[in-house]
Amino acid sequence: LPEAPASVDATQDSFVAAPHSMVEAGFLGLRAALAARAAAAAVSPGEVEEATGRLRLILGDEQRRIASEVAGLEWPLKAADLGRVPPESDDALLLRLTITRALLRCRREEDALREARAAVLQGRGGPIDAAAKFWLARCLLRLARRDEALTVLQNLTSSTEGQQDPPNASSTSAAAQLALAPAVRWGRSGGASQLAALKLVDSLRARAQDFYSRGAFDKGTEMYSQALSYVTSDDKWGRATLHTGRAACQRRHRALGRAVEDCDAAIRLFPRYTRAHFRRGLCLLELGKPQLALKAFQHLLALDRSWPRLCEWLVRAHSQAKRQESAAGNDDLPFGKEEEGDGKQSSAQDLGPRHADDLYGILGVSSDATEKQLKTAYRMMSLKYHPDKQGGSTRAFQLIATAYQTLSDADKRRAYDEGADVKKPKKDDDSDSEEDEKQEKSLFEEVERRYFPERYHFWPFGDPFIEKRKIMARRRKEELEKARRAARQAGRPWQDDSDDEC
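Residues numbered from 1 in each chain as written. Predicted model: local features only at pLDDT ≥ 70, side-chain atom pairs only at ≥ 80, totals over all residues. Heavy atoms only, no water.

Asker: What should I look at first to understand the overall build of the protein in this one?
Answerer: The helix and strand tally for the protein stands at 22 helices and 0 strands. Taken across its 502 residues, the protein has 44% of its residues classed as buried. Partitioning the intrachain contacts of the protein with sequence separation of at least 6 by distance along the chain shows that 61% fall at a separation of at least 24. Approximately 27600 Å² of the protein is accessible, and the part contributed by carbon and sulfur atoms is 50%. (Helix = DSSP H or I, 4+ residues; strand = E, 2+ residues; numbered from the N terminus. Buried < 20%, exposed > 50% of the residue type's maximum accessible area, 1.4 Å probe, protein only. Contact = heavy atoms within 4.5 Å. Areas by Shrake-Rupley, 256 points an atom, 1.4 Å probe, with all protein chains shown as cover.)

What follows is the structure, given as structure tokens:
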């Protein structure tokens, strides 16, 4: 925002100065100027706090002076005199807005918001009203209350539309109004600029979302980038949502590394931004980093346990991590490496090191891809890696066909997502009961019991029915073996109908 130097003549119509700049220039005297300059030059939060304390002392002196001169009140005030306290003077409002800026410098947005609200209430209809509303809108934007900030800015621009001079106030002389004119112009011009920037960003965001819905992810990324170039420094929430939106486009466009960077930028602005954590976990999972994805989902779980389908994504991260562990000793070749006996080398450069168990990575689709996206990806990948084409690969072509065959079937895809293929084989009958029961559970149940224990009954001494279920399973096995022997002795064909159970 433009701030004119103190040497410029305040009577000029083009002179624009922020309230804190006027205080620093000596508009309220040397004592206030030194405190305001100390707050502006402070680096550490302690220095800002010290300078803010000095400004509050000056503000208190001004409030006592007004109470004594205007209402004849003595300090400290009595309870019966609280209703007779006069409104704050313009000098006090300038000090309050200077304190607001100092509090924002040390990231005390809530305290700054209280000071700005007090300035708006005390200066309603006066010369400082525009500057106070502008500071209020900036504080609301810092606190991610964007809708409230838009309302304040719209009220500011509509109330000052067509006004050329500061509004008249019965307690403000013409000379004082002329002296405060730079702050009035600063508030009006700043509010109009901020509102125009917010509307422009919203327009670009709407266009980016439209491109995303139509599948034009590259153009959506471009629109989000343009919006980020216009967003103001105060609109932290808008910047965070733009980063997260661009990450969604980049994820669909398979620029997963840049998508993770955008999610990290959003999390730095708002560490408790749940959507950014979730999207970061998705991108890391599709990057082939399930351990990091698992940490992102666990962080999201600590922030919001009711996030939709969070348990399913935790299961996917666990299953993918187990697949990587089991594939570490295998000789399954990733795409882009030459195979023995094939003599052909894949030309894929952007797929990354994908093992045969990473079916989504083999097709190059996201983990929540639709049937249409799967079919499109399968056609493109099978054409690209066809053995009869230059740069094709028989092994890659077979992996692509297997991946599509599994993911295109709803039941097989659900079983793959739930990690049905990564369960360890059961131990022998002499194994420990609890360990044997643990092996009988699905991976989904294990993860759900671990992260959402409230969904199951609580047994402080373990499940009392483990031994009973084990005995019943052993009896069924003995009866089945007895029936098989009897059928063999009688010469009858044996047919096991156990798979027909629903």
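Asker: It is not clear to me how the packing of aromatic side chains should be interpreted in this structure. Could you clarify?
Answerer: Each aromatic ring pair is summarised here by two numbers: the centre-to-centre distance and the angle between the ring planes. Applying the stated criterion across every chain yields a total of 11 aromatic pairs. Between tryptophan 237 and phenylalanine 270, the ring centres sit 5.2 Å apart and the planes meet at 85°, which makes this aromatic pair edge-to-face. Here tryptophan 237 is found in helix α11 (residues 236–252), whereas its partner phenylalanine 270 is found in the loop between α12 (256–269) and α13 (274–286), with 33 residues between them in sequence. Both rings, one in phenylalanine 278 and one in phenylalanine 297, keep their centres 6.2 Å apart while their planes meet at 45°; by these two values the pair is tilted. A residue pair is termed long-range when its members are at least 10 positions apart, and phenylalanine 278 in helix α13 and phenylalanine 297 in helix α14 (residues 290–303) qualify at 19 residues. (Phe/Tyr/Trp six-rings, centres within 6.5 Å; stacked < 30°, edge-to-face > 60°.)

Asker: What is the right way to read the side chain of arginine 246 from this model?
Answerer: Note on placement: arginine 246 falls in helix α11. In this structure the side chain of arginine 246 is engaged in a polar contact, spanning 3.0 Å, whose partner is the side chain of serine 225. Arginine 246 has contacts with Thr221, Tyr224, Ser225, Leu228 and Asp262, leaving out every residue within four places of it along the chain. (Polar contact = N/O pair within 3.5 Å; in protein donor to acceptor, adjacent residues only side chain to side chain.)

Asker: Sorry if this is basic, but what is going on with the environment of leucine 141 here?
Answerer: Along the chain, the position of leucine 141 falls in helix α6 (residues 129–142). When residues no more than four places from it in sequence are discounted, the contact partners of leucine 141 are Arg146, Ala149, Gln194, Leu198, Asp234, Asp235, Lys236 and Trp237.

Asker: So what exactly am I meant to see when it comes to the nonpolar core here?
Answerer: Soluble globular proteins tend to pack their nonpolar side chains together in the buried interior. Counting residues in hydrophobic clusters, the biggest one holds 52 residues, and the most contacted among them are Leu97, Leu136 and Trp186. Breaking this core down by element, the ones donating at least two residues are α1 (19–24), α2 (30–41), α3 (45–71), α4 (90–105), α5 (109–122), α6, α7 (146–160) and α9 (181–213). For this core, the leading source of residues is α6, giving 10 residues. Setting aside residues no more than four positions away along its own chain, leucine 136 makes contact with Leu113, Ala116, Arg117, Val120 and Val152. (Core = buried A, V, L, I, M, F, W, Y, C linked by side-chain atoms within 4.5 Å.)

Asker: Can you help me understand the environment of proline 290 in this one?
Answerer: Within the element layout of this structure, proline 290 appears in helix α14. C-alpha of proline 290 to C-alpha of glutamine 320: the two residues are 30 residues apart in sequence and 6.1 Å apart in space. In this structure proline 290 touches Leu284, Leu285, Ala317, Gln320, Ala321 and Gln324, once residues within four positions along its chain are discounted.

Asker: Can you walk me through α6 in this structure?
Answerer: Note that an α-helix has 3.6 residues per turn; residues three or four places apart therefore point the same way. Given a rise of 1.5 Å per residue, 14 residues ought to cover 20 Å, and the 20 Å separating the end C-alpha atoms of α6 matches this to within 8%. Alanine 144 lies just past α6 and shows a positive phi near 65°. (Expected span 1.5 Å × (residues − 1).)

Asker: Looking at this structure, I do not really get the packing of α5 against α6. What am I missing?
Answerer: How two helices sit against one another is set out by the angle between their axes and by the gap between those axes. Taken N-terminus to C-terminus, the directions of α5 and α6 make an angle of 155°; their axes are 9 Å apart at the nearest point. Compared by their axis directions, α5 and α6 come out roughly antiparallel. In the crossing of α5 with α6, the sense of the turn from one axis to the other is left-handed. Mapping the contact onto sequence places Glu109, Ala112, Leu113, Ala116, Arg117, Ala119 and Val120 in α5 and Asp129, Ala132, Lys133, Trp135, Leu136, Cys139, Leu140 and Arg142 in α6. (Axes fitted to C-alpha atoms, helices over the stretch in contact; angles between N-to-C directions. Parallel < 35°, antiparallel > 145°, perpendicular 65-115°, else oblique. Left-handed = near helix turned anticlockwise from the far one by under 90°.)

Asker: Looking at this structure, I do not really get helix α10 (residues 217–230). What am I missing?
Answerer: Compared with an ideal rise of 1.5 Å per residue, which puts 14 residues at 20 Å, α10 spans 20 Å between its outermost C-alpha atoms and is within 8% of the ideal. Of the positions making up α10, those classed as buried are Phe217, Gly220, Thr221, Met223, Tyr224, Ala227 and Leu228. On an axial view of α10, the arc spanned by its buried residues comes to 160°, and they lie on one face. The inward-facing, buried residues of α10 abut α9 and α11. (Arc of directions from axis to C-beta.)

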